[in-house]
Amino acid sequence: MAPPVRYCIPGERLCNLEEGSPGSGTYTRHGYIFSSLAGCLTKSSENGAVKGQLPVSPFSSFLLGILSHSINSRFAKVHILYVGSTPLKNSFRGTIRKEDVRATEKDKVEIYKSFRPGDIVLAKVISLGDAQSNYLLTTAENELGVVVAHSESGVQMVPISWCEMQCPKTHTKEFRKVARVQPEFLQT
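Residues numbered from 1 in each chain as written. Predicted model: local features only at pLDDT ≥ 70, side-chain atom pairs only at ≥ 80, totals over all residues. Heavy atoms only, no water.

Caption draft 1: Spotlight on the overall build of the chain. A tally of helices and strands in the chain yields zero helices and 16 strands. Out of the 188 residues in the chain, the part that is buried amounts to 38%. Look at the contacts in the chain between residues 6 or more apart in sequence, and 46% of them connect residues 24 or more apart. Per element, the accessible surface of the chain, about 10,900 Å² overall, is 54% carbon and sulfur. (Helix = DSSP H or I, 4+ residues; strand = E, 2+ residues; numbered from the N terminus. Buried < 20%, exposed > 50% of the residue type's maximum accessible area, 1.4 Å probe, protein only. Contact = heavy atoms within 4.5 Å. Areas by Shrake-Rupley, 256 points an atom, 1.4 Å probe, with all protein chains shown as cover.)

Caption draft 2: Spatial organisation of the sheet that holds strand β5 (residues 32-35). The antiparallel open sheet is built from three strands, whose spatial order is β2-β5-β4. Each edge of the sheet is formed by a strand with only one pairing partner; in this case those strands are β2 (13-16) and β4 (26-29). The sheet shows a mean angle of 30 degrees between the axes of neighbouring strands, direction not considered. By the bridge criterion, four bridges tie β4 to β5 in an arrangement that is antiparallel. Residue pairing across strands places arginine 29 opposite tyrosine 32, the latter belonging to β5. (Pairing = 2+ DSSP bridges. Axes fitted to C-alpha atoms, helices over the stretch in contact; angles between N-to-C directions.)

Caption draft 3: Representation of the nonpolar core in the model. Core analysis: the largest hydrophobic core is formed by 24 residues, its most contacted members being Ile66, Ile80, Ile96, Phe115, Tyr135 and Leu137. Sorting the residues of this core by element identifies β9 (75-83), β10 (86-97), β11 (120-127) and β12 (135-138) as the ones contributing at least two each. Ignoring anything within four residues of it in the chain, the contact list for isoleucine 96 reads Ile66, Arg74, Phe75, Ala76, Val78, Val101, Ile111, Phe115, Leu137 and Thr139. (Core = buried A, V, L, I, M, F, W, Y, C linked by side-chain atoms within 4.5 Å.)

Caption draft 4: Broad picture of the environment of valine 147. Inspection of the secondary structure puts valine 147 in strand β13 (residues 145-148). Taking relative accessible area as the criterion, valine 147 reaches 27% and is therefore assigned partly exposed. A C-alpha to C-alpha distance of 8.5 Å links valine 147 and proline 159, two positions twelve residues apart in sequence. For valine 147, the residues in contact, after removing those within four places along its chain, are Ile120, Val121, Leu122, Met165, Ala179 and Val181.

Caption draft 5: Highlighting the environment of leucine 14. Position of leucine 14 relative to the elements: it lies in strand β2. Between the alpha carbons of leucine 14 and threonine 26 there is a distance of 8.9 Å; along the sequence they are twelve residues apart.

Caption draft 6: Just the side chain of threonine 138, in detail. Within the secondary structure layout, threonine 138 lies in strand β12. What makes threonine 138 buried here is its relative accessible area of 11%. Among the polar contacts listed, one links the side chain of threonine 138 to the backbone nitrogen of alanine 140, at a separation of 3.0 Å. Dropping the residues within four chain positions of it, threonine 138 is found in contact with Asp100, Ala123, Lys124, Ile126 and Leu144. (Polar contact = N/O pair within 3.5 Å; in protein donor to acceptor, adjacent residues only side chain to side chain.)

Caption draft 7: Spotlight on the packing of aromatic side chains. In the structure shown here, the tally under the stated rule is one aromatic pair. Centre to centre, the rings of tyrosine 27 and phenylalanine 34 are 5.5 Å apart; their planes meet at 15 degrees, and the pair counts as stacked. Directly above the ring of tyrosine 32 sits arginine 13, whose terminal nitrogen or CZ lies 4.1 Å from the centroid. One Lys or Arg, lysine 113, reaches over the ring of phenylalanine 175 and ends 4.9 Å from the middle of that ring. (Phe/Tyr/Trp six-rings, centres within 6.5 Å; stacked < 30°, edge-to-face > 60°. Lys NZ or Arg CZ within 6 Å of the ring centre and 35° of its normal.)

Listed below in structure tokens is the structure:
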């Protein structure tokens, strides 16, 4: 049976030097091995070398679980909590720009109608961004967007269309960029 896949992102601490030796796609600092690539982590059994394997497209295959925390008219600031189904030890900062919310009608997007603080969102990394935002993210696919949102009354809302969610308690509707969640991401 193959070991479970662990995803890593650049700068993530993988292990200390006593647990393994650095391989390709890693670097050492202060007695620890860090990832220098985004990809799948592998550990060689012959010499204990830790290696980061870069996927064909460095960022496009990574689905992230993020929590939105700050919204303005041009972008949403988020905390990245998961890469795939792997929880991160530390959260990373990211930004979803207005033009990266939807693939079509980009000029009609209103951030406050797509995300709200506290929403849990599926997104993909499109670039490393700059010093303030760390990672630039996109939700411009049907499978990406808000997966969990709570109404003002604190109840988890139910998606009713690709752009609306409804509170089951008060029946109020709120706009969101709703993700069409694929079966492999649903927990049973």
